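A look at the structure
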Amino acid sequence: MNIAVTAHDAKKELMVQFCIAYCGVLSRHNLCGTGTTAKMVSEATGLQIVRFLSGGQGGDQQVAARIACNEIDLLLFFRDPLTVKPNDIDEAQLLRLCDVHNIPVATNIATAEALIHALERGDLDWRNIVNPKTMGMLR
Ligand SMILES: O=C(CO)COP(=O)(O)O
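Note that the structure is a prediction, hence the values are computed from the model and not measured.

A closer look at the UniProt feature "active site" (unreviewed entry) in the protein chain
- Feature annotation in UniProt places "active site" (unreviewed entry) on D60, given in this structure's numbering.
- Locating D60 in the fold gives a position in helix α4 (residues 59–68).
- On the neighbour-count criterion, D60 (25 C-beta atoms within 10 Å) is buried.
- Discounting chain neighbours no more than four positions away, the residues touching D60 are T6, T34, G55, N87, D90, E91 and L94.

Observations regarding the site of the ligand
- Every one of the 13 residues lining the ligand counts as a neighbour, but T34, T36, T37, S54 and G55 are closest to it.
- Among the elements that line the shell around the ligand, the one with the most residues is helix α3 (residues 35–45), at three residues.
- Its residues assigned to classes, the shell around the ligand comprises no nonpolar, 11 polar and two charged.

Let's talk about unusual backbone geometry
- A positive phi angle, near 60°, is found at N70, a position not held by glycine.
- Relative to the helices and strands, N70 is located in the loop between α4 and β4 (74–78).

Considerations on the sheet that holds strand β5 (residues 105–106)
- The five strands are arranged β3-β2-β1-β4-β5 in an open sheet whose pairing can be described as parallel. Both edges of this open sheet fall to β3 (49–51) and β5, since each of them pairs with a single strand only.
- Sheet topology places strand β2 (residues 30–33) next to β3; three bridges connect them, and they run parallel. Along β3, the bridge assignment pairs L31 with I49.

Quick look at the environment of I109
- Along the chain, I109 turns up in helix α6 (residues 109–121).
- Residues I109 and L97 lie 12 residues apart in sequence; the distance between their C-alpha atoms is 20 Å.

Some details on the packing of α4 against helix α5 (residues 88–100)
- Running from amino to carboxyl end, α4 crosses α5 at an angle of 15°, the nearest separation of the two axes being 9 Å. Overall, the two elements α4 and α5 adopt an arrangement that is roughly parallel. When the axes of α4 and α5 are compared, the crossing they make is left-handed. Together, D60, Q61, V63, A64, I67 and A68 of α4 and D90, E91, Q93, L94, L97 and C98 of α5 make up the contact between the two elements.

Describing the nonpolar core
- Within the largest apolar cluster, 31 residues are counted, with the highest numbers of intra-cluster contacts made by V5, I67, L75 and L76.
- For this core, the elements supplying multiple residues, two or more each, are β1 (2–7), α1 (12–21), β2, α3, α4, β4, α5 and α6.
- With five residues, the top contributor of residues to this core is β4.
- Residue contacts for I67: discarding those within four places in its chain leaves I72, L75, L94, L97, C98, H101 and I103.

Thresholds, definitions, all that
- Position labels on residues start from 1 in each chain and follow its written sequence.
- Only residues with pLDDT of at least 70 are given local features in this predicted model, and only at 80 or more are side-chain atom pairs given and counted; all residues enter the totals for whole chains, interfaces and linings.
- UniProt positions are given in the numbering used here, feature names are shortened, and annotations may be inferred rather than shown by experiment.
- Numbered from the N terminus, helices here are DSSP runs of H or I no shorter than four residues, and strands are runs of E no shorter than two.
- Working definition of burial: number of other C-beta atoms within 10 Å of the residue's own, with buried at 20 or more, exposed at 12 or fewer, and partly exposed in between, all C-beta atoms being placed from the backbone.
- We call two residues in contact whenever the C-beta atoms placed from their backbones are within 7 Å.
- Placing the C-beta atom from the backbone, one calls a residue near a molecule or strand if that atom lies within 6 Å of it.
- Each residue gets one of three labels, nonpolar for Ala, Val, Leu, Ile, Met, Phe, Trp, Tyr, Cys and Pro, charged for Asp, Glu, Lys and Arg, and polar for the others, Gly among them.
- Strands are treated as partners if at least two bridges between them are detected by DSSP.
- As a rule, the C-alpha atoms of each element are fitted with a line to give its axis, helices using only the stretch in contact, and angles between N-to-C directions run from 0 to 180 degrees.
- Any angle that is under 35 degrees is reported as roughly parallel, and any over 145 degrees as roughly antiparallel; angles of 65 to 115 degrees are reported as roughly perpendicular and all others as oblique.
- Should the near helix be turned anticlockwise from the far one by less than a right angle, the crossing is left-handed, and should it be turned clockwise, the crossing is right-handed.
- As used throughout, a nonpolar core is a set of buried Ala, Val, Leu, Ile, Met, Phe, Trp, Tyr and Cys residues joined through C-beta atoms within 7 Å of each other.

What follows is the structure, given as structure tokens:
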């Protein structure tokens, strides 16, 4: 599966801790993420992550473009709901596209935990049917 990770600044450390905790599961999948989040996660875990631009520089849109092509199977996007960000519109688009393509998305750690266990159990295997094509960069 192709998993994308991104997090607001206030939630980046939480994302790092989450990825450390589930490093074993994540290592069996293809990971990509926005610049700073991907860098922090890969440095802390040693996981290989395709690193896009920083979110504000267009990284959100790079992830969104892959979601638009139905090439992402799971999005982990830890949001800080208490701060207004300059790229809020890009982020709303990211979430909208997940709904367009029925892509499982977690915007907080509680949902992320549920989804990662679902991933392990095979509950998300249906994604291999709706997204059978390999993505050059990620698979
Ligand atoms: O902008 C982001 C979330 O929308 C995250 O981008 P970075 O991971 O580059 O900080």
